[in-house]
Amino acid sequence: MHHHITRRGLLVGTAAIGVGGLGAFPAFAQQAGDAAGRTYHALLVAVTAYPNLPPKASLVGPNNDASLVREFLLNNAPVTFEPQNVAVLADGIESTASPTRGSIRDALDRLADTVKSGDFVYLQFSGHGTQQPAMDPAIEPDGLDECFLPADTGMWEDRSKGIPNALIDKEFRDHLQKIRDKGAFIWAVFDCCHSGTMTRAVTESEETERKIDFTDLGIPEAAMAEAIAEAQGPATRGMGEESPRQNSLGITSAEPTGAESIAPGGMVAFFAAQNTETTPEMPLPKGDPEATKLGLFTYTVFAKIAENPAMTYRQLGQAVLQAYSGDNRMRPTPLFEGDLDRQVFGSTPEDRIAQWAIKAENGMLEIPAGQLHRLSPGTKLAILASPAATLDQAVGYVEVQSAKNLTSRVVPVAHEGLPALAVADVPVNSWARLTELAIGFELVVARPGGGDSPAETELLNAALDKIVDEKKVPVNLRLVDAGEAADLTLAVMSEMDVGIIIADQARQSENAARASLSTEPRVWLLPPSAELSLEDGRRSPSLPLAGSDIDDIAAKLAEDLVRIFRATSLSRLSAASEFRPNEVEVGFKIKRTQAADAEPLRAGTVPVVHPDDEVHIEAKSASAKPVDINVLYIGSDYSISHMYAERLSSGSEIDLPLLAFTDSSYGIERMVVVLSEAEPQTPVEDLSFLEQVGVRQATRSLGGGAATFGELLREVAAAPATRGAARLGDKAGAKGAVLIFPMETTPRG
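Residues numbered from 1 in each chain as written. Predicted model: local features only at pLDDT ≥ 70, side-chain atom pairs only at ≥ 80, totals over all residues. Heavy atoms only, no water.

1. Some thoughts on empty space enclosed by the protein
Here the second largest cavity defines a volume of roughly 90 Å³. Along its surface, the second largest cavity is lined by 13 residues, and Leu321, Tyr324, Arg329, Ile668 and Pro742 are the ones closest to its centre. Only α6 (313-326) and β35 (667-677) provide two or more residues apiece to the lining of the second largest cavity. It is α6 that provides the largest number of residues to the lining of the second largest cavity, a total of three residues. Taken together, the residues of the lining of the second largest cavity sort by class into eight nonpolar, two polar and three charged. (1 Å grid on protein atoms, 1.4 Å probe; cavity = no way out; pocket = protein on both sides within 12 Å on 5 of 7 lines; lining within 4 Å. Points joined across faces, edges and corners; volume = space filled by probe spheres on them. Helix = DSSP H or I, 4+ residues; strand = E, 2+ residues; numbered from the N terminus. Nonpolar A, V, L, I, M, F, W, Y, C, P; charged D, E, K, R; others polar.)

2. Points about the side chain of His41
As for its position among the elements, His41 is in strand β3 (residues 40-46). By relative accessible area, which is 5% here, His41 ends up buried. Among residues more than four places away in sequence, those in contact with His41 are Phe81, Asn85, Leu111, Thr114, Val115, Asp119, Phe120, Val121 and Tyr122. (Buried < 20%, exposed > 50% of the residue type's maximum accessible area, 1.4 Å probe, protein only. Contact = heavy atoms within 4.5 Å.)

3. A look at the sheet that holds strand β16 (residues 359-361)
Taken together, the seven strands give an open sheet; going across it, the order is β15-β21-β18-β19-β20-β17-β16, and neighbouring strands pair in antiparallel fashion. Only two strands of the sheet have a single neighbouring strand rather than two, namely β15 (355-357) and β16. Averaged over all neighbouring strand pairs, the angle between strand axes comes to 40°, with direction disregarded. Relative to strand β21 (residues 431-434), β15 runs antiparallel, the two being bridged by three bridges. Of the residues in β21, the one forming a bridge with Ala357 is Trp431. (Pairing = 2+ DSSP bridges. Axes fitted to C-alpha atoms, helices over the stretch in contact; angles between N-to-C directions.)

4. Description of the side chain of Glu583
Note that Glu583 resides in the loop between α10 (550-572) and β28 (584-591). Contacts of Glu583, omitting those with residues within four sequence positions, involve Lys620, Ser621, Ala622, Ser623 and Lys735.

5. Overview of the sheet that holds strand β25 (residues 488-494)
Ordered by their spatial adjacency, five strands build an open sheet running β24-β23-β25-β26-β27, and the pairing between neighbours is mixed. On the outer flanks of this sheet lie β24 (477-480) and β27 (542-544), each paired with one strand and no other. On average, each strand axis in the sheet is inclined to that of its neighbour by 25°, with strand direction left out of account. Where strand β23 (residues 443-446) lies against β24, four bridges are found, and the strand directions are parallel. Bridging from a neighbouring strand, Val445 pairs with Leu479 of β24.

6. Some points on the pairing of strand β7 (residues 144-148)
Counting buried positions along β7 gives five out of five residues, so the element sits mostly inside the fold. Residues Leu144, Glu146 and Phe148 line one face of β7 and the alternating positions Asp145 and Cys147 line the opposite face, and both faces are buried. Bridge analysis of strand β6 (residues 129-133) against β7 gives five bridges, and the strand direction is antiparallel. Note that in β7 the partner of Pro133 across the bridge is Leu144.

7. So, helix α4 (residues 221-230)
Regarding α4, the residues found buried are Ala223, Met224 and Ala227. For α4, the angular spread of the buried residues around the axis is 100°, confining them to a single face. In α4, the exposed positions that point more than 90 degrees away from the buried face belong to Ala222 and Ala229. (Arc of directions from axis to C-beta.)

Structure representation (structure tokens):
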């Protein structure tokens, strides 16, 4: 189900809310002027085939990543990339060379020789990553090299030679530094991962991980253990404030210290996963029968840029995290490093409008924007004679008939009191401006696959059919087959089955998994990553099946589906942001136990927090109208706690403690800030009606609009079963915004 949010006032040039003093999420743009004299370069590396490795190392998505990014850079980017400056290294698609170790290094060297001060370089690396015992332990505190695997990667030989033809993190750093030494700015995106420790693959799925286990490369477990044991630093990185999260290639973007660099170029690096996680590829966009496999990270990054090209890198990172949250993804947790407060692509930080030139050809209308821009069939756009026209000057409307990733076929329709134009009557050189934003309020659930409990699996499927057929449960539920892309994956297993899977992933003895675990089948409710855990505070949600009939299972499952639906839908509302820059600024600080001062919670990060750590809120309003602020907390068990409600008048500020973490549950959890414009002398918008317990018995305990925006939130609570259209901005210009701040709670110590 999709709601279409009308943005009539918004799209005249408004922009979104400022976050923590970091600026705003500006509105949309068609094009921005390039900096004088700057040349834009790109190198796109995609590795799908590994002929010297086991067959399971083959991938599909990297080539599609490269094709998507190349098309975007040449036709949709807010700056100008000339075709001769966009190089692709890939097998199986049009490219300049195979992505071997030699060709990758040669291409990076050519960039270092070509660029000049002020140029911009975009780098994309899609493929496999892994870890190996460090070839030079003196420069790797944890004893491991992070590696990107080119097409000619071979099997590991020994500690001194490592993985033949692998590119290790130090080599990447050296190449990137040479480019920066010329004064060019680098944005590098790594859609790969370097760990086999993530528990998943409960069932065969269209979603596959971009990882290869070190044992598949011939690296003995003993060699890895020895390297870690000999390490000078911590063996495990990224799980606390004393040991910050590490990216998957160990690359940092700190300023160089060499005397030869007078004015080095800046750098931003985006990583799909930290070095203890994997990252997936899958058919995207979800639900499109013609979807191709793409890296989730690459697709999401460019979808967010397509929606709003005038962001900073930090805001882009925050938008990616919010998108993952809306998709119910607990993992991976991407990392964003470097000069994050620069504008993406170095474009101009100005208010922009979501509008595109209409191209008429052979009686058809097309615009250069598609599903990456959140355009879907049924989306309406106003026809304007010029890009400077206002919406009240619209001569008609078009509706998206079909949409690919970066293009859409549109047809004239009657809308807003205007008749449908004939294609021939659409003005030459006219523009289509977005007037609605589609937000999908739907919970996609993948049925359980085959397994060792066929009777219980059949019973569960019958209960799912009952929920859908009776239409009594207020959830927009769509069932898909096992293995298809979904917000929620169901699996029928016993605790014993789960324990054995976890032991296998961790290379532990099955005997450890068998202690005190039940053999009775249960239904497990898993996120898209299919992550499983039996740890206290992290236990994956599940329901018993033994002794239950269809009615019992349907009733219990329906309760949990409603809770998951509400939590997921609330996260998806982050797309409906309608405040101008600096109208409202919201920020958070984390006060850690024993620490003297609080540290800011920076947008675009996923901080690690522990029991007894505190979160403090800061907010300031410069809006001409009162603004109600509500803060909710979505637990890893899908519980929703209402933490705070306050009305901010123009010029008012708040700075106060908000919540303290407990040891009740652990995992990826989300702090949700809801802003809604209010009318004077009206009650404060109180969203406590959204509160709910989680899907497990042990729930987290944390303590203590405008009409149309409020209606949208109430629809989340009511979980409407039919398609509807909620309008923002129709009543006295009422506006709203939802911001998501994910964080990971872990045990202390």
